[in-house]
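Results of the structural survey
Listed here are the chains, written in short residue letters.
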Amino acid sequence: DILFTVLFTIEMMLKIIVYGFIYSKDKRHPAYLRVGWNVLDFVVVLISIFSLISREVDSLNKLPTASLRAVRALRALRPLRLIARMENMRVVVSTLLGAIPAVGIFALVLLLFVIIFAILFMQTFGGKLGYCLDPLYSDSVYESRVVPGYNNELEQNDYEECMALPRYNLTRYNTAGVELTDPRFADPNDRYYNGEDGYNMYTEFPQWVNPDFGHFDNVATSVLLLLEVACLEGWPDVMYRVMDTDLKRNYINPYWLSTEQDPNGLYGQEHLPNTYFGAFFFVVWIVLGCFVLLNMVIGVVLDSFNQIKQENDGLTMMTEEQGEWVKAQKAIMASRPLKQATPPKEPWRMPAFTLVTSNGFDLAIMSIIVLNMFFMCITTWDPSPFNDDIKVLAEITNVSNLIFFVFYVVEMILKFVGLGFRQYFKDMWNQFDFLLVLLSALDIAFSSNSVTLPIPPALLRVVRMFRVVRILRILKTAKHLRTIITTIRISIPGLYNISILLFIVMYIYAVICMNLFWQINYTPGDISPFGGASSPWHLGEAFYYSNDNSNEGDFVNRNANFRTLPNSLLTLFRCATGESFNGIMHDMMAGAWGSNRLRCCPTCGAEIDGELNDSCGPAEGFWSLLLMLSYTIIMGFIILNGLFIGVIVDNFTNIGSENKAITVESIEEFREVWLMFDPKGTFTIPSHSLLVILQKLQPPLGIADVKPPLSRAEMLQLLGKLDIPDHGGQIHFLETLTALSHNVCGVPVPVCDTTRRLQRSVQKIPVLSKLEKPQHNALTNYLVSLLQSRWRGYVMRKQYADHVGDSYINDEELPSPHQLRTDPHGTSASDVADTRQAKNNRVSPAPPANGLGGGGDAS
């Protein structure tokens, strides 16, 4: 702690010396405190310094323990310094902070409605949820000695009846083994003095208390409870408890049966449940508070995220068409040509190569995997040694595993032979398959020798099921399924920075909660952050007889607690999903909240340096409310429901939308057609292949199946309109795709940071810098090639017209190569080949080897 504080202080001082503290003479470099991220660093350093000083200065040690502990806990803000040093993280945090103002406005609207309903619920159900807490009689019919209902004979409600009952003390001990009824706790001269009543609140019963989930006795608690209900956390329990309250009177134990319905007639007590009004009010609030208001806030978060994202992308000043074109260019720049496996040179390997690269082979393997999955589904575990059916199923499973393992080994060997080791291991899926086969082989080998792998064998078989995803590249008709998988694949990198932010926020809250709430419901002898030392008192003597002889609560217990950092992270991850965050928050409240008094006391925490700590939450529950509510808002509503879902929805909209001019399906189709001419993925193909590509591509990028078909003149006009640069007789993958997309939806765009980034990305296009500088476009190359071919044909027909008698040249009448070499007109053998192929319906003749293919940039 001292080391890092010193390092951070030195860094801060150096920056102050260089930039100045508040004012800077150099406008290019603002002063230290003029940068928000530096302010954050400054606050963290001050907290660290104060924390170190407070340990040494006695006067500071006399401050309230909770306040001092809270200040020291703020050292957990140190990880925020990481954000200031990661550019992508700063963008994410800026997006997060930018969404807060918009959310704040709608949060005020939500709060207004919550206050209105809080007043309504307080007027209707205030004073009705309390009950008589009578621990020794909690197993009775009415869960206490008080019978629910109003006693007309004595004119007593249940509160008065509860307070009139004989009182008793629970036998409870603190961590030092002292009984909580010890009079020293009421002695002003004792170090553990707890007021005139001592620990009566923790030992003397019965008491009239409110439920653990809260109450409607005042506006503040009503607002809190309604917000929890709007989050759909535990709302049925609250609703049914309200429905059990008495319709006419306050201070009646909630009970679900009326006087007429109860088998004992409530022993003459008068009680009528508030069934219909309670249900009606809650249904109205769930619909309005959750379905409308809370979801509206979440919608605002998503809308703010999209708006800020557009601002970051520079799309706010563009029209819808310009924005679509910029997005299409980004998708194009991220595209790369597909690659085909290279056939082996050895003839004996060709059959294996042809087999493993065929779609039928992939479908067969996928079928085997699906069949394997079926056999895994019939696996059943039954420990009974007398169940013969289970034994038969187990034997079938074992045999099927061996058979499927053989299939996978054969697949691997065939790929080794057909593709070769180098090509095999270039594919990530093949690496994945190889690892699974290897581990499966080790599992079988070790199982025969009664040796187990550290990895469960069943897990290996389940992981293999992910290979089924590969079938999507074969099933072209599964468009929506392909869209979903593509969305997941594209979203994962985009969620990287948000995941880091999520972990940083979770870590900060985990450290703060561990500092403030590690002692909640502490039980001596339980697993603790201090190694689980043995208890100094007899475990046989109950501190509270129920709940398995421990202080564990319903929510903060051995599974969910803040005693260690891993437990804190796991508990907060659970709260981030919204699961029982309010229950954990209530258990973190003070001892006076609900039944918390049965599980804690001011000296029931761990003993540290001779001091007994409080095992209850901070007084008035301020810190528990502040931390858990802020955590739920930041994590649940903004990061998870805002940033996470925003990224996924945005990607799904961009990928799956069929209203866009250029879809992902169109780009994928282009890649597959390009693969026919560039199987090695070199990014370039001969320029004369462009027209053939257009004829194979479906609209909007291509002209295949266009009705009516384009004439030759229209095709040439299209080539001129595309204006694709020609690089020495070659065209580039990205330039071609960009030109085709521009022909569909290209519009002029303003110069901004986004377009500048696109221009810089163009300069980084693979292979482009190695090509010849373009001198003309692909149309010029095509026309020159076509002109050469036709001129050669004309010359040859003219030269040999006297021998043939017409313009058609048969193969038998062609001159010999020797004649061509001695021909004074310079006609070559390649001219003859061109003549054979020059037919009237020929659209894109192959250019000659010595054609004019010089490269070009047709502007």
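Residues numbered from 1 in each chain as written. Predicted model: local features only at pLDDT ≥ 70, side-chain atom pairs only at ≥ 80, totals over all residues. Heavy atoms only, no water.

1. Some remarks on the pattern of salt bridges
Put simply, the rule is: What counts as a salt bridge is simple: a side-chain nitrogen of Lys or Arg found within 4 Å of a carboxyl oxygen of Asp or Glu. Only DSSP runs of H or I with at least four residues qualify as helices, and only runs of E with at least two residues qualify as strands; both kinds are numbered from the N terminus onward. Only protein chains enter the accessibility calculation, which uses a 1.4 Å probe; a residue is then buried when its area is under 20% of its type maximum, exposed when over 50%, and partly exposed in between.
With the rule as written, the count across this model stands at 10 salt bridges. Lys15 is the salt-bridge partner of Glu11, the closest N and O atoms lying 3.7 Å from each other. With Glu11 and Lys15 both in helix H1 (residues 2-19) and four residues apart, the pair spans about one turn of that helix. A relative accessible area of 22% places Glu11 in the partly exposed class. What makes Lys15 partly exposed here is its relative accessible area of 23%.

2. Examining helix H12 (residues 320-333)
Spelled out, the test is: Helix span, as expected, comes to 1.5 Å for every residue beyond the first. A contact between two residues is defined here by any heavy atoms of the two lying within 4.5 Å.
The terminal C-alpha atoms of H12, which comprises 14 residues, lie 20 Å apart, in line with the 20 Å expected from a rise of 1.5 Å per residue. Considered for burial, the residues of H12 that qualify are Gln322, Gly323, Trp325, Val326, Ala328, Gln329, Ile332 and Met333. Residues of H12 that are buried make contact with helix H22 (664-677), helix H25 (733-745) and helix H26 (753-763).

3. Description of unusual backbone geometry
In this structure, Pro206 follows Phe205 across a cis peptide bond, with omega equal to 5°. Here Pro206 lies in the loop between strand S3 (204-205) and strand S4 (207-209). Note the cis peptide between Lys707 and Pro708, where omega equals -10°. Within the secondary structure, Pro708 is located in the loop between helix H23 (690-696) and helix H24 (712-722). Located in the positive-phi region is Glu143, a residue other than glycine, with phi close to 65°. Position of Glu143 relative to the elements: it lies in the loop between strand S1 (131-133) and helix H7 (158-163). Here Glu143 falls in the exposed class, since its relative accessible area comes to 57%. If you check the backbone angles, Phe683 has positive phi at about 80° while not being a glycine. Inspection of the secondary structure assignment puts Phe683 in the loop between H22 and strand S7 (684-686). A relative accessible area of 9% means that Phe683 is categorised as buried.

4. Digging into a nonpolar patch on the surface
Going by this rule: Like charges are joined within 9 Å and nonpolar side chains (Val, Leu, Ile, Met, Phe, Trp, Tyr) within 5 Å, but only among residues with over 30% relative accessible area and no salt bridge; these make up the patches. Note that accessible areas follow from Shrake-Rupley with a 1.4 Å probe, and for residues the cover is restricted to the protein chains shown.
Together, Ile2, Val6, Ile10, Leu14, Ile17, Val18 and Tyr19 make up a nonpolar patch on the protein surface, roughly 700 Å² of accessible area in all. In this structure, Val18 sits in helix H1. For Val18, a relative accessible area of 61% puts it in the exposed group.

5. Concerning the confidence of the model for the protein chain
Selection rule: pLDDT gives the predictor's per-residue confidence on a scale running from 0 to 100.
A residue-level look at the protein chain finds 81% of positions with pLDDT of 70 or above and a mean pLDDT of 80. Below a pLDDT of 50 lies the segment residues 527-548, which in the model reaches 41 contacts outside its immediate sequence neighbourhood of four places, other chains included. Low pLDDT, under 50, characterises residues 806-859; the predicted model gives this stretch 99 contacts beyond four residues in sequence or across chains.

6. What to know about H26
Condition: The arc in question is the one spanned by the directions pointing from the helix axis to the C-beta atoms.
Every buried residue of H26 is accounted for by Thr754, Thr755 and Leu758. The buried residues of H26 all sit within an arc of 95° when viewed along its axis, so they share a single face. Exposed residues pointing more than 90 degrees away from the buried face of H26 are listed as Asp753 and Gln763.

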